[in-house]
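Here's the letter readout for the chains.
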Amino acid sequence: MKTFRLSPLFLAVITLPTLASTEELIVTGSYSPVTNEQLSSSVSIINKEQLLQLSNHSLIDALRQVPSLWVEEQGGPGGITSIALRGAEANHTLVLLDGVQLNDPTNTRGGGFDLNGINIESIERIEIIRGAQSAVYGSDALAGVIHIITQTPGKKSTTLNASLGSDDYSSVGVSTSGSINKLSYAFSLQGKDAGEPVVGSTAKNTEFTSRLNWQHDAHAVNFSYRYFDGERTSFPEQSGGPEFSVGRDLDMSDYKDQSAAMSWVSQVNHIWKSKVSASWYERDEDLTSPGIIPFDAVPPNGSVVDFNRTQFSWINTLGDQQKFWANIGVETKKEDGASAGYLYSPDVYPINFALDRQIDSAFINLNTYATEAWLVQASIRRDDAEGFDANDSGQIGTKFTVNDNWTLFANWGEGFKLPSFFALGHPLVGNADLQPETVTTRDAGFEFNQNTFNARVSYFDHHYRNLIDFDSATFKNVNRSRVETSGVESEFNWQVQENLSLRAHATYTDIDMISSDNHLLGRPQVTYGTSINYALNDAWSFNAQYMRVDERFAVSRYTGTDVEQTLNAYNRFDASAHWTLNAQLQLGLSLENLADEDYYTDIGFPAAGRSAKINVKLNF
């Protein structure tokens with residue numbers, strides 16, 4: 001492993017006190033909503049205001065400023081964008097939208113979700129929970145959970161938004177919310193054309209989101225529906241990109257996502273709350289790829305994918321959430337995926353597969369205040385999936401309030417991930433004998449809260465087993481990799497003055513592939529950054545972000561064989577300004593890569609250069 005040297009900024013961040021607690025309810029990482037004080041896991045919350053300060057047009061750019069969350073992108077907006085929590089694989093993070101799981105096990109990334117498929121204007125709030133969460137969510141939540149929550153129903157408002165920018169960027173949308181008697185609603189329709197900031201990389205999409213809430217006495221019914229339709233182009237992955245690719249033809253993808261969820265919450269009595277939920281997710285994708293010239297490694301190929309997931313759960317919350325409470329329940333999940341594919345080698349060769357599975361689960365979660373200042377939590381969950389042995393996942397956490405300023409926390413958890421349909425069923429590389437990937441995670445740290453300053457620092461240690469890898473000797477996917485990741489993550493907020501705030505973060509991650517000289521690709525050892533918000537007056541506000549990213553390993557096949565290189569470290573600066581003319585009209589200007597830093601996101605894939613965007617919002 002490389003030697004790690006503490007930079008002055010990193011030293012400053014990890015020695016500063018941590019993030020302030022909030023009384024907002026957190027719906028991720030627990031079976032029932034809790035406050036930050038009632039959750040021992042390492043959590044980051046980004047509300048809409050903070051999100052748009054970090055970026056007013058890109059969810060990917062905003063998430064760069066979250067500690068231990070690494071956004072790996074391939075070129076511009078049309079390339080695959082992966083998220084790694086604490087150095088894990090992208091498909092080890094469970095992604096939820098309004099409670100619905102978005103991971104697709106039929107894709108070539110083993111179920112990793114591309115966050116380019118969500119428009120930032122649709123988002124109300126993001127909750128990020130780190131560490132294994134299989135004791136709550138079952139399969140897929142090895143490294144943590146990212147939960148994206150769309151506009152909240154109820155508050156009366158209507159907003160029109162539009163943007164124009166460099167490289168033919170444009171977006172337009174409308175959102176509205178309000179209530180009629182006991183029914184609250186929120187609707188949003190957004191469209192975006194990301195232009196072509198990097199040669200060959202384009203993306204267009206349309207997204208509709210809706211949420212309804214009905215409440216009457218001790219009952220509440222919630223409903224959500226989302227439709228997303230997109231298309232994109234890019235140079236093939238590991239092809240050498242626009243700089244080195246011998247062929248100039250592009251990957252082309254048309255895809256559609258739909259999801260819906262409904263829940264009924266009933267407060268049966270003062271110590272018993274019952275929640276019955278159902279959700280549905282569907283993804284269709286038509287992908288064609290020219291392959292990588294020379295065609296020895298990746299010939300021209302394509303596929304048409306159809307995936308469906310339905311999920312039902314019943315959760316009972318019993319007790320007093322100020323003293324002792326328990327969550328007990330059951331869940332069943334059905335996944336059904338099919339891929340009709342082909343490749344030229346040199347004749348047309350079909351590569352079709354279709355799989356389905358059902359996972360039945362039961363769980364119990366216990367929470368108690370051993371003393372007024374000491375919270376203890378424990379969960380155990382059993383998941384019984386067709387074709388695999390039943391899996392038991394445990395989780396234990398504790399949080400101790402030392403005084404009004406200092407809080408200590410520690411967590412231990414187990415996680416597992418069922419092999420993806422692609423890894424199991426693909427006719428060429430699939431292996432029906434694959435076993436689930438597993439992990440044991442530990443973290444411990446402290447929070448510091450004092451008036452205008454707050455911070456959070458934690459140490460983590462994750463041990464992965466049976467990771468699925470491609471074996472070139474047998475040309476099959478196999479279980480073999482053992483990986484250990486450990487490190488330090490930190491974040492802090494400082495309200496310097498009434499009109500000036502500062503946010504900063506830093507992460508050090510050490511990745512060790514046991515008994516192997518290979519490297520996990522695309523993940524830096526050190527990242528750190530800062531964000532400043534300054535309100536000149538009631539009309540003008542300014543934001544600036546800085547990000548430092550360490551070297552990363554990358555592999556390309558444009559020569560016909562695997563070639564590993566080290567991508568250089570880089571610094572990135574972004575800035576934005578907002579002018580509020582009146583209560584109805586706001587104008588904005590954002591500048592990305594302000595210093596026009598010349599860096600690469602993958603071998604031969606340059607990052608977008610300096611760009612500008614203007615936006616307007618009308619509120620009614």
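Up top is the structure these notes are about.
The rules behind the values
Residues numbered from 1 in each chain as written. Predicted model: local features only at pLDDT ≥ 70, side-chain atom pairs only at ≥ 80, totals over all residues. Heavy atoms only, no water. Patch = residues over 30% accessible without salt bridge, like charges linked within 9 Å, V, L, I, M, F, W, Y side chains within 5 Å. Areas by Shrake-Rupley, 256 points an atom, 1.4 Å probe, with all protein chains shown as cover. Salt bridge = Lys/Arg side-chain N within 4 Å of Asp/Glu carboxyl O. Lys, Arg positive; Asp, Glu negative; His and termini not counted. Charge placed at Lys NZ, Arg CZ, Asp CG, Glu CD. Helix = DSSP H or I, 4+ residues; strand = E, 2+ residues; numbered from the N terminus. Pairing = 2+ DSSP bridges. Buried < 20%, exposed > 50% of the residue type's maximum accessible area, 1.4 Å probe, protein only. Phe/Tyr/Trp six-rings, centres within 6.5 Å; stacked < 30°, edge-to-face > 60°. Lys NZ or Arg CZ within 6 Å of the ring centre and 35° of its normal. 1 Å grid on protein atoms, 1.4 Å probe; cavity = no way out; pocket = protein on both sides within 12 Å on 5 of 7 lines; lining within 4 Å. Points joined across faces, edges and corners; volume = space filled by probe spheres on them. Core = buried A, V, L, I, M, F, W, Y, C linked by side-chain atoms within 4.5 Å. Contact = heavy atoms within 4.5 Å.

A. Quick peek at a negative patch on the surface. A cluster of acidic residues, Asp306, Asp336, Asp356, Asp360, Asp384 and Glu386, forms a negative patch on the protein surface. When you line up the elements, aspartate 356 lands in strand β18 (residues 353-371).

B. Looking closely at the sheet that holds strand β5 (residues 100-101). Spatially, the five strands line up as an open sheet ordered β1-β6-β7-β4-β5, and their pairing is mixed. Sheet topology places β1 (43-47) and β5 at the edges, where each strand pairs with a single neighbour. When strand β4 (residues 93-97) meets strand β7 (residues 144-150), the two strands line up parallel, connected through five bridges. Among the inter-strand pairings, leucine 96 is bridged to a residue of β7, identified as histidine 147.

C. How the structure looks around the pattern of salt bridges. In total, this model carries 28 salt bridges according to the counting rule given. Here aspartate 443 and arginine 86 are joined by a salt bridge, their closest N and O atoms 3.3 Å apart. One end of the pair, aspartate 443, is in strand β22 (residues 437-450); the other, arginine 86, is in the loop between β3 (81-85) and β4, and 357 residues separate them in sequence. Just as aspartate 443 is buried, arginine 86 falls in that class too. Taking the shortest distance from any N to any O, the salt bridge between glutamate 489 and arginine 130 comes out at 3.8 Å. Here arginine 130 lies in strand β6 (residues 123-130) and glutamate 489 lies in strand β24 (residues 476-497), a separation of 359 residues in the sequence. Across this residue pair, the class does not change: glutamate 489 and arginine 130 are buried. If you follow the salt bridges from partner to partner, you end up with Asp61, Arg64, Glu73, Arg572 and Asp574 in one network.

D. Spatial organisation of the pairing of β18. As paired strands, strand β16 (residues 324-344) and β18 are joined by 16 bridges and run antiparallel to one another. Bridging across to β18, isoleucine 328 finds its partner in isoleucine 364. Relative to strand β19 (residues 374-385), β18 runs antiparallel, the two being bridged by twelve bridges. In the sheet register, phenylalanine 363 faces β19, and the bridge partner there is arginine 381. Linking two consecutive strands that pair antiparallel, namely β18 and β19, is a turn of two residues.

E. Examining the packing of aromatic side chains more closely. Tallying each qualifying case throughout the model produces 20 aromatic pairs. Here the aromatic rings of phenylalanine 353 and phenylalanine 422 are separated by 6.3 Å at their centres, their planes lie at 75°, and the arrangement is edge-to-face. In this pair, phenylalanine 353 sits in strand β18 while phenylalanine 422 sits in helix α6 (residues 421-425), placing the two residues 69 residues apart along the sequence. Residues phenylalanine 353 and phenylalanine 422 agree in their burial class; the two are buried. Considering the side-chain rings of phenylalanine 453 and tryptophan 494, the 6.3 Å spacing of their centres and the 75° angle between planes classify their relative orientation as edge-to-face. Here phenylalanine 453 is found in strand β23 (residues 453-471), whereas its partner tryptophan 494 is found in strand β24, with 41 residues between them in sequence. Assessed through its relative accessible area of 11%, phenylalanine 453 is described here as buried. Here the aromatic residues Tyr185, Phe187, Phe208 and Tyr225 are joined through ring pairs into a cluster of three or more. Across the ring face of tyrosine 255, the terminal group of arginine 232 is positioned such that the distance to the ring centre comes to 4.9 Å.

F. The arrangement of empty space enclosed by the protein in detail. Applying the stated criterion to the full structure yields twelve cavities of 30 Å³ or more. Estimates place the volume of the largest cavity at around 550 Å³. Forming the boundary of the largest cavity are 38 residues, of which His57, Ser58, Asp61, Pro77 and Pro197 lie nearest the centre. Those elements that place two or more of their residues in the lining of the largest cavity are α3 (59-63), β11 (202-216), β12 (219-234) and β34 (611-619). Of the volumes computed, that of the second largest cavity is approximately 150 Å³. Along its surface, the second largest cavity is lined by 18 residues, and Leu54, Ser55, Asp61, Gln545 and Asp574 are the ones closest to its centre.

G. Representation of the nonpolar core within the structure. Core analysis: the biggest nonpolar cluster contains 44 residues, and Leu59, Leu63, Leu69, Leu115, Ile118, Ile126 and Ile148 have the highest contact counts within it. Here this core takes four residues from α3, the largest share from any one element. Ignoring anything within four residues of it in the chain, the contact list for leucine 69 reads Leu63, Ile83, Ala84, Leu85, Ile128 and Ile146. One finds Val136, Ala141, Val145 and Phe363 within the second-largest nonpolar core, a separate group that totals nine residues.

H. Structural context of unusual backbone geometry. Following isoleucine 293, the chain continues to proline 294 via a peptide bond in cis, the omega torsion being -5°. With respect to the element layout, proline 294 can be found in the loop between β14 (272-289) and β15 (301-320). Look at serine 68: it is not a glycine, yet its phi comes out positive at around 65°. Looking at the element boundaries, serine 68 is found in the loop between α3 and β2 (69-73). A residue is classified by how much of its surface remains accessible, and serine 68, at 7% relative accessible area, is buried.

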